[in-house]
Amino acid sequence: MYKVNGKEFECSIAVTLDIFNDKWKLFIIWHLLSGDKRFKELDKILAGGISQKTLTVKLKELEAKQIVNREVFAQVPPKVVYSLTPAGQRLKTLLLEMFDWGIGYVEEHGEISDEHICCEVDKATPQRG
């Protein structure tokens, strides 16, 4: 049995699935792997697929799970920067493997358009290592 913040889980996979229970959280983390981002930057990167309200909710959920850090700078206008915590950084290897697996799967079962490789993340793909 696993217990996190008072919630019990049967196995560690259940813990992982409880945190990453939708399609947006891993996209957000993927883009933060290439460096800290302001809200507007994330909104622009994920444009067309996620509303600002949903992005706000997902960032708060990731912050509550200590995957994402939110740093507020006392200035006018307010500046908020999102980054990955050490727990979030540890997802790098997993996400790179998922990226590679997805490319392989599409090459085997479909086709890749150069225009839309991983929501244009190829410009800022996190480096292996």
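Parameters at a glance
- Residues numbered from 1 in each chain as written.
- Predicted model: local features only at pLDDT ≥ 70, side-chain atom pairs only at ≥ 80, totals over all residues.
- Heavy atoms only, no water.
- Buried < 20%, exposed > 50% of the residue type's maximum accessible area, 1.4 Å probe, protein only.
- Helix = DSSP H or I, 4+ residues; strand = E, 2+ residues; numbered from the N terminus.
- Axes fitted to C-alpha atoms, helices over the stretch in contact; angles between N-to-C directions.
- Parallel < 35°, antiparallel > 145°, perpendicular 65-115°, else oblique.
- Contact = heavy atoms within 4.5 Å.
- Nonpolar A, V, L, I, M, F, W, Y, C, P; charged D, E, K, R; others polar.
- Phe/Tyr/Trp six-rings, centres within 6.5 Å; stacked < 30°, edge-to-face > 60°.
- Pairing = 2+ DSSP bridges.
- Salt bridge = Lys/Arg side-chain N within 4 Å of Asp/Glu carboxyl O.

Colleague: Hey, could you go over helix α2 (residues 24–32) for me, with residue numbers and the actual values?
Modeller: Summarising burial for α2: seven of the nine residues are buried, a large majority. Every buried residue of α2 is listed here: Trp24, Lys25, Ile28, Ile29, Trp30, His31 and Leu32.

Colleague: Break down the packing of α2 against helix α6 (residues 92–109) for me, with residues and values.
Modeller: Where α2 meets α6, the axes come as close as 11 Å, and the angle between the chain directions of the two elements is 105°. As summarised for this structure, α2 and α6 are arranged roughly perpendicular, according to the angle between their axes. Of α6, the residues touching α2 (which contributes Leu26, Ile29 and Trp30) are Leu95, Leu96, Met98 and Phe99. For the contact of α2 with α6, the residue count by class is seven nonpolar, no polar and no charged.

Colleague: How would you sum up the packing of aromatic side chains? Please name residues and give values.
Modeller: All told, the structure shown has three aromatic pairs when counted by the stated rule. Geometrically, the ring pair formed by Trp101 and Tyr105 is stacked, given 5.1 Å between the ring centres and 20° between the ring planes. Linking Trp101 with Tyr105, this pair stays in helix α6, spanning four residues, or about one helical turn. A relative accessible area of 59% means that Trp101 is categorised as exposed.

Colleague: So what's going on with the pairing of strand β5 (residues 79–84)? Residues and values would help.
Modeller: Across the six residues that make up β5, a large majority, five, are buried. Bridging between strand β3 (residues 37–38) and β5 involves two bridges; their strand directions are antiparallel. Bridge pairing links Lys37 to Tyr82 in β5. Pairing of strand β4 (residues 68–73) with β5, which is carried by six bridges, proceeds in the antiparallel orientation. Within β5, the position partnered with Val68 by the bridge is Leu84. In this antiparallel pair of consecutive strands, β4 and β5, the connection spans five residues.

Colleague: How would you sum up the sheet that holds β3? Please name residues and give values.
Modeller: Here we have three strands laid out as an open sheet, ordered β3-β5-β4, and antiparallel in their pairing. The open sheet has two edge strands, β3 and β4, and neither has a second partner.

Colleague: Explain the packing of α2 against helix α4 (residues 52–64) residue by residue, including any values.
Modeller: One can describe the packing of α2 onto α4 by two numbers: an axis separation of 10 Å at closest approach and a directional angle of 75°. Relative to α4, α2 is oriented roughly perpendicular. Residue-level inspection shows Trp24, Lys25, Ile28 and Ile29 of α2 in contact with α4, the latter providing Thr54, Leu55, Lys58, Leu59, Glu61 and Leu62. The residue inventory of the contact of α2 with α4, partitioned by class, reads six nonpolar, one polar and three charged.

Colleague: Could you give an account of the pattern of salt bridges, naming the residues involved and the relevant values?
Modeller: Counted under the stated rule, the structure contains six salt bridges. The residue Lys65 makes a salt bridge to Asp18 at a minimum N-O spacing of 3.4 Å. Highlighted residues: Lys65 in the loop between α4 and β4 and Asp18 in helix α1 (residues 12–19), separated in sequence by 47 residues. For Lys65, a relative accessible area of 37% gives the class partly exposed. Shared partners join several salt bridges into a network, and the residues in it are Asp22, Lys25, Lys58 and Glu61.

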